[in-house]
Amino acid sequence: MADVNGVFLWYQCFKKTLFVILALLINVNEVSSLICYCAGHCPSNQPNGSCLARPNSSCFSAVEQVYNPDTGLLEDERTYGCLPPEENGFMQCKGHLVPHQIPKSIACCNKEDWCNKLLKPKNIVRTTTPSPMYQGELLSYTGPYNIISCLVAVSICILILIAVLAFMWLRLSNQKSARRGYLDVEKKFIGGEAVKDLIDRSGDTSGSGSGVAMLVQRTIGKQLEMIESIGRGRFGEVWKARLRDEFVAVKVFFTSEEASWARETDIYKTVLLRHENILGFVGSDIRGNGSWTQMLLITDYLEFGSLHDYLKLYVLDFAAMVKLAHSASCGLSHLHVEVFGKQGKPAIAHRDIKSRNILVKRDRTCAIADFGLAVKYKSDTNELDVAANTRVGTKRYMSPEVLDEAIDVSQFEAYRMADMYSFALVLWEIARRCKVNGIVEEYQLPFYDCVPSNPSFEDMKKVVCVDQTRPAIPKHWSTCETMQIMSKVIQESWKQNPGARLTALRVKKTLSSLESQYRDEKIV
């Protein structure tokens with residue numbers, strides 16, 4: 001009878017060992033990457049939305065009861081995310097089968113992208129009392145023969161397990177560096193500061209950049225209190241909202257504009273983008289309830305709104321005009337320049353410069369916004385990163401080479417010079433609102449007297465490319481030295497030949513010397 005019991009015990013151990021080995025081998029062969037839904041457990045403390053599961057990983061949905069000090073009760077808290085390869089073991093995803101003192105549960109999947117979004121594991125209160133089915137039978141297997149059999153079986157299992165782990169380690173060794181960078185938050189730097197340091201300084205919201213300083217592990221979208229709609233465009237709608245006792249602007253994208261949302265988020269997270277004349281970035285998020293989805297981009301709230309709206313309401317003196325123009329050129333110059341170094345910044349072309357995409361700050365300086373069409377360039381690798389976006393720029397502000405499709409889309413300099421043409425039209429809009437010898441022009445869009453209010457490509461191509469027409473320069477500008485300089489900068493920046501146009505840096509330097517003459521004057 002002892003022999004039968006020993007064989008039975010050895011058979012049971014061997015069968016379980018084979019099952020574990022089969023599960024591990026299946027894990028090894030799962031090398032495809034997944035896109036998982038993440039909430040409350042996003043990598044590198046990124047905002048809620050999605051995460052990329054590394055090869056051999058799974059998506060997970062977990063629920064745990066946590067104490068709510070407000071209600072004094074235990075409440076379910078759900079998190080979603082990607083399991084790193086190290087945590088994707090058989091026992092990790094079966095953790096809900098083990099009794100816990102505090103109810104918790106987890107469910108995993110790796111069949112398709114976003115598969116964990118619909119997983120809803122439930123807490124099950126389990127008893128730690130042994131199951132009655134055993135009734136102590138295992139204790140009856142005694143004797144030296146049974147002990148030896150068990151030790152042999154366990155030894156074989158350990159050897160096989162070591163062999164499998166060695167195979168897995170060899171197969172995944174080429175991914176160690178990427179995985180370490182993915183998991184070690186404290187070693188990831190942005191602009192020379194660790195992410196954890198930026199999070200500790202969450203009160204600092206000035207400038208623009210990665211926005212990590214404003215992020216916490218909980219979803220940003222749930223912390224927003226929408227107040228009122230302040231604008232609407234082809235991309236979606238802009239809302240004034242409150243986030244932690246501060247006003248912010250929330251751009252809510254249409255679902256058809258997902259590419260614009262993704263591109264703008266990517267540009268705002270560019271290292272060293274932070275600048276006083278670039279709209280301050282807070283964070284981005286995706287939220288929904290199953291029947292609808294919202295893609296959110298959260299930025300600083302600037303109460304004066306767009307430069308387009310500001311110029312409609314206010315008449316400028318020389319100091320105010322130069323301040324607006326100079327600050328806008330500083331922002332554009334910062335975008336266009338490439339910063340070299342280990343933590344360098346790529347050169348960026350905006351591709352949709354217009355007065356509606358430039359905002360006015362409280363100190364009456366400009367901040368450039370809306371990077372849904374932006375293109376990035378790194379000279380060391382000659383890499384041109386063009387957004388995969390079907391949206392095009394604003395026809396009224398398109399340069400001649402864009403309108404007649406002669407632009408060399410493989411050259412970054414072509415995009416940069418197209419920006420300068422559009423920026424010249426913005427400078428013209430600003431200069432028109434300056435009071436010169438008691439004369440001030442009514443605010444108008446460029447080419448208001450040449451094309452309809454919503455011009456077509458053909459309308460603009462005929463005016464700009466065929467007739468080579470430009471907005472009229474008022475005659476009374478020639479009576480003032482400041483306006484003469486502005487006029488020269490404008491006309492040299494909208495030339496027909498892209499190579500003959502001024503660069504953003506050249507415009508910035510010219511306007512800087514002009515601004516120094518009016519820096520101490522009060523803006524009316």
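Residues numbered from 1 in each chain as written. Predicted model: local features only at pLDDT ≥ 70, side-chain atom pairs only at ≥ 80, totals over all residues. Heavy atoms only, no water.

**As for the overall build of the protein**
Move 1: Assigned secondary structure in the protein consists of 13 helices and 17 strands.
Move 2: Every one of the 524 residues in the protein was classed for burial, and the buried ones make up 45%.
Move 3: About 27600 Å² of surface is accessible on the protein, with carbon and sulfur atoms providing 56% of the total. (Helix = DSSP H or I, 4+ residues; strand = E, 2+ residues; numbered from the N terminus. Buried < 20%, exposed > 50% of the residue type's maximum accessible area, 1.4 Å probe, protein only. Areas by Shrake-Rupley, 256 points an atom, 1.4 Å probe, with all protein chains shown as cover.)

**Considering helix α12 (residues 481–493)**
Move 1: Spanning 13 residues, α12 covers 19 Å between terminal C-alpha atoms, matching the ideal 18 Å at 1.5 Å per step.
Move 2: For α12, the set of buried residues is Thr482, Met483, Met486, Ser487, Val489, Ile490 and Ser493. Seen end-on, α12 carries its buried residues on one side only, within an arc spanning 165 degrees. Turned more than 90 degrees away from the buried face of α12 sit Glu481 and Lys488, all of them exposed.
Move 3: Turning to α12, the residues buried within the fold contact α8 (318–336), α10 (412–432) and α13 (504–515). (Expected span 1.5 Å × (residues − 1). Arc of directions from axis to C-beta. Contact = heavy atoms within 4.5 Å.)

**Examining the state of the cysteines**
Move 1: Enumeration over the complete set of coordinates arrives at three disulfides.
Move 2: Each sulfur of the disulfide joining Cys36 and Cys59 lies 1.9 Å from the other. Looking along the S-S bond of the Cys36-Cys59 disulfide, the torsion reads about -75 degrees, which is the left-handed sense. Remark: Cys59 occurs in strand β3 (residues 58–68) and Cys36 occurs in strand β1 (residues 34–38); sequence separation between them is 23 residues.
Move 3: By relative accessible area, Cys36 is classed as buried at 0%.
Move 4: When its relative accessible area of 0% is taken as the criterion, Cys59 is described as buried. (Disulfide = S-S within 2.5 Å.)

**Let's talk about the environment of Asp300**
Move 1: In this fold, Asp300 is placed in strand β12 (residues 293–300).
Move 2: Distance from Asp300 to Val282, taken between C-alpha atoms, is 6.9 Å for residues 18 residues apart in sequence.

**Side note on the UniProt feature "binding site: ATP" (unreviewed entry) in the protein**
Move 1: The UniProt record annotates "binding site: ATP" (unreviewed entry) at Lys251.
Move 2: Topologically, Lys251 is positioned in strand β10 (residues 246–253).
Move 3: Not counting the four nearest positions on each side in its chain, Lys251 is found in contact with Phe235, Glu237, Val238, Glu264, Met295, Leu296, Leu297 and Asp370.
Move 4: At 3.3 Å, the side chain of Lys251 and the side chain of Glu264 are in polar contact. (UniProt positions renumbered as here; feature names shortened; annotations may be inferred. Polar contact = N/O pair within 3.5 Å; in protein donor to acceptor, adjacent residues only side chain to side chain.)

**Quick word on the side chain of Ser284**
Move 1: Take Ser284: it is sitting in strand β11 (residues 281–288).
Move 2: Beyond its immediate stretch of four places on either side in the chain, Ser284 contacts Pro47, Asn48, Trp261, Thr265, Leu296, Leu297 and Ile298.

**Thoughts on α10**
Move 1: Helix length check: α10 (21 residues) gives 31 Å between terminal C-alpha atoms against 30 Å at 1.5 Å per residue, within 8%.
Move 2: Within α10, 19 of the 21 residues are buried, leaving the element largely enclosed by the surrounding structure.

**Focus on the sheet that holds strand β13 (residues 347–349)**
Move 1: Pairing is antiparallel across the open sheet formed by three strands, whose spatial order is β13-β16-β17. Edge strands, defined here as strands with exactly one partner in the open sheet, are β13 and β17 (383–386). Averaged over all pairs of adjacent strands, the angle between their axes in this sheet comes to 20 degrees, without regard to strand direction.
Move 2: As defined by bridge partners, strand β16 (residues 375–378) adjoins β17 across four bridges and the pair is classed as antiparallel. Within the sheet, the bridge partner assigned to Lys376 lies in β17 and is Asp385.
Move 3: With respect to the sheet, helix α6 (residues 258–268) is in contact with β13, β16 and β17, its orientation differing from that of β16 by roughly 40 degrees. (Pairing = 2+ DSSP bridges. Axes fitted to C-alpha atoms, helices over the stretch in contact; angles between N-to-C directions.)

**Quick notes on the side chain of Thr270**
Move 1: Take Thr270: it is sitting in the loop between α6 and β11.
Move 2: On the basis of relative accessible area, Thr270 is assigned to the buried category, the value being 7%.
Move 3: A polar contact of 2.8 Å, which involves the side chain of Thr270, links it to the backbone oxygen of Ile267.

**Observations concerning the sheet that holds β11**
Move 1: Pairing is antiparallel in the open sheet, where five strands are placed in the order β8-β9-β10-β12-β11. Strands with a single pairing partner mark the edges of an open sheet, and in this sheet they are β8 (225–232) and β11. Strand-to-strand twist across the sheet, computed as the mean angle between neighbouring axes with direction ignored, equals 30 degrees.
Move 2: The sheet contact formed by β10 and β12 spans six bridges and is antiparallel. Note that in β12 the partner of Val252 across the bridge is Leu296.

**Details of the packing of α8 against α12**
Move 1: Packing of α8 against α12 leaves a shortest axis separation of 11 Å and a crossing angle of 25 degrees. Judged by the inter-axis angle, α8 sits roughly parallel to α12. By crossing handedness, the relation of α8 to α12 is classed as left-handed. Along the contact surface, α8 presents Phe318, Met321, Val322 and Ala325, while α12 presents Thr482, Met483 and Met486.
Move 2: Here the contact of α8 with α12 is built from residues that sort into six nonpolar, one polar and no charged. (Parallel < 35°, antiparallel > 145°, perpendicular 65-115°, else oblique. Left-handed = near helix turned anticlockwise from the far one by under 90°. Nonpolar A, V, L, I, M, F, W, Y, C, P; charged D, E, K, R; others polar.)

**So, a positive patch on the surface**
Move 1: A cluster of basic residues, Arg78, Lys120, Lys122 and Lys222, forms a positive patch on the protein surface.
Move 2: By secondary structure assignment, the location of Lys120 is in the loop between β5 (104–109) and α3 (144–172). (Patch = residues over 30% accessible without salt bridge, like charges linked within 9 Å, V, L, I, M, F, W, Y side chains within 5 Å. Salt bridge = Lys/Arg side-chain N within 4 Å of Asp/Glu carboxyl O. Lys, Arg positive; Asp, Glu negative; His and termini not counted. Charge placed at Lys NZ, Arg CZ, Asp CG, Glu CD.)

**Some points on the pairing of β1**
Move 1: Within β1, four of the five residues are buried, which leaves the element mostly enclosed by the surrounding structure.
Move 2: With five bridges connecting them, β1 and strand β2 (residues 49–53) associate as antiparallel partners. Bridging from a neighbouring strand, Cys38 pairs with Gly49 of β2.

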